[in-house]
Every structure is written in structure tokens, then in C-alpha cells.
Amino acid sequence: MKEIDQHIKAYYANKSLSPQQLEAIERGSQISPKRNLPRLIGAAAALIVLALCAYFLLIAPVQKQDKMIHAFSAEVAFNHEKQLNSDIVTGCIGELSEQMNKLDFKLGLPENIQANYKILGGRYCSVDSRIAAQLKVEDKTGSVGTLYVLKKVEPFDIQDVVVFKKTKVDIWDDGDLLFVFANDI
């Protein structure tokens, strides 16, 4: 084994770095970690700012919208289950609109409701502390649903379906109006 050790020692004794290589190694080892600290702090701060911006621009508005839709739907489902009678009994949307003159919007019906339901009547109500029209409608099978119509103030598009116990709530917007339709499931 001594012979192998001597060969290895002799081999590596002939190997050496050039003066330029030694100088480059010395220059590289002289970079102080303290000089990199401001760069690391700046990069960490930029990442934190980027994460906060992403949260407030992308995630928080969606969470706020989901909470609003859930609150609307819960309130509408609760009111639908009360089955309150209409104060104005008529099958004509024009007559309802004329008699409900305290609304801060022009009362209208979406096409899918007009095509599939007949109006039984309506009354004033509030949803999320906003004045709304609560309309009773009946489909061809005799099932009665409740349609809430109110002025849209949300800056985002709304279209969702939420189920509470035995009530299905569809919520959507159409221009300046927000429609929330509740029916039994």
C-alpha cells in the first residue's frame, strides 16, 4: 500500500494551480456576506409586497363576493320559507311596477321568468337593507317560487346557485338589476 500512497503523492505533487487561478479564488472568497444582505432584504420585501398585492387584487374580492352571495341567498331562502302573502295581487308586471312606485329602479322581469312563470302578485321587501320587490310566481306545474328584484350596486358580475336546507336560490344580474329566485326543492 505504501507504493500506491507514494504514486498518489507524486502525482498530486506535480499538480498545482496557476497564479491567475489562485488570484481568482482569492477574489471570490473576499465577497462579504454583508454586501449581499441588502439585496436579500430587498428581494424578500419585493416578494412580500407581491404576495400582498396578489391577495388584495385576486383573492380578497372573490372571498367578499362569495360572502355577499351567501348572505343574500340565506336571507332570501329565509324569507321564501315564510311564504308571506302578496300585498298587490295581480298577474301584470306593468300594474305591479305602477303600484310599487317606491322602488328606486324600473321593475322588470328576466326572460326566463317571463317564459316559464306567471305572476301571482308582489310586495315590497328588503334584501341586504336595500328596497326590493318580492314577487310570487307560479310555474306550469303549480309550484310557487319567490323572485326578488333589486337594484344592482355590486361592481362585479353575479351568477350563482346556493341551496339552503329545502330551498334552492338562483342569483344573477342583468344590467342594472339583481334577481334572486327561490323555490322549494
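Description of the structure in this document.

Quick notes on the side chain of Arg 123
Residue position: Arg 123 is located in strand S1 (residues 117-127). Look past the residues within four positions of Arg 123 in its chain and what remains in contact with it is Leu 84, Asn 85, Asp 87, Met 100, Ala 132, Ala 133 and Gln 134.

Focus: unusual backbone geometry
Its identity is not glycine, yet Ser 129 carries a phi of approximately 65°, on the positive side. Structurally, Ser 129 can be placed in the loop between S1 and strand S2 (130-139). Given the relative accessible area of 76%, Ser 129 is considered exposed. One non-glycine residue, Lys 165, lies in positive phi territory at about 45°. A relative accessible area of 79% places Lys 165 in the exposed class.

Quick notes on helix H1 (residues 2-13)
Under the 1.5 Å per step criterion, the end-to-end length of H1 is 16 Å for twelve residues, consistent within 8% with the ideal 16 Å. A small share of H1 lies buried, amounting to zero of its twelve residues.

Regarding the pairing of S2
Burial within S2 is extensive, with seven of its ten residues counted as buried. In the sheet, S1 pairs with S2 via ten bridges, with the strands oriented antiparallel. Paired with Ile 119 across the strands is Val 137, a residue of S2. What sits between the antiparallel neighbours S1 and S2 is a turn of two residues, in which Asp 128 has the positive phi angle 55°.

Regarding the pattern of salt bridges
Inspection of the entire model under this criterion finds five salt bridges. Note that Asp 128 and Arg 130 form a salt bridge whose closest N and O atoms lie 3.6 Å from each other. A residue is classified by how much of its surface remains accessible, and Asp 128, at 40% relative accessible area, is partly exposed. Overall, the relative accessible area of 14% leaves Arg 130 in the buried class. Lys 152 is paired through a salt bridge with Asp 173; the nearest N and O atoms lie 3.5 Å apart. Taken together, the positions of Lys 152 in the loop between strand S3 (144-151) and strand S4 (159-164) and Asp 173 in strand S5 (residues 167-174) put the pair 21 residues apart, joining distant regions of the chain. For the pair formed by Lys 152 and Asp 173, the shared burial category is buried.

Reading the values: the criteria
Residues numbered from 1 in each chain as written. Predicted model: local features only at pLDDT ≥ 70, side-chain atom pairs only at ≥ 80, totals over all residues. Heavy atoms only, no water. Helix = DSSP H or I, 4+ residues; strand = E, 2+ residues; numbered from the N terminus. Contact = heavy atoms within 4.5 Å. Buried < 20%, exposed > 50% of the residue type's maximum accessible area, 1.4 Å probe, protein only. Expected span 1.5 Å × (residues − 1). Pairing = 2+ DSSP bridges. Salt bridge = Lys/Arg side-chain N within 4 Å of Asp/Glu carboxyl O.

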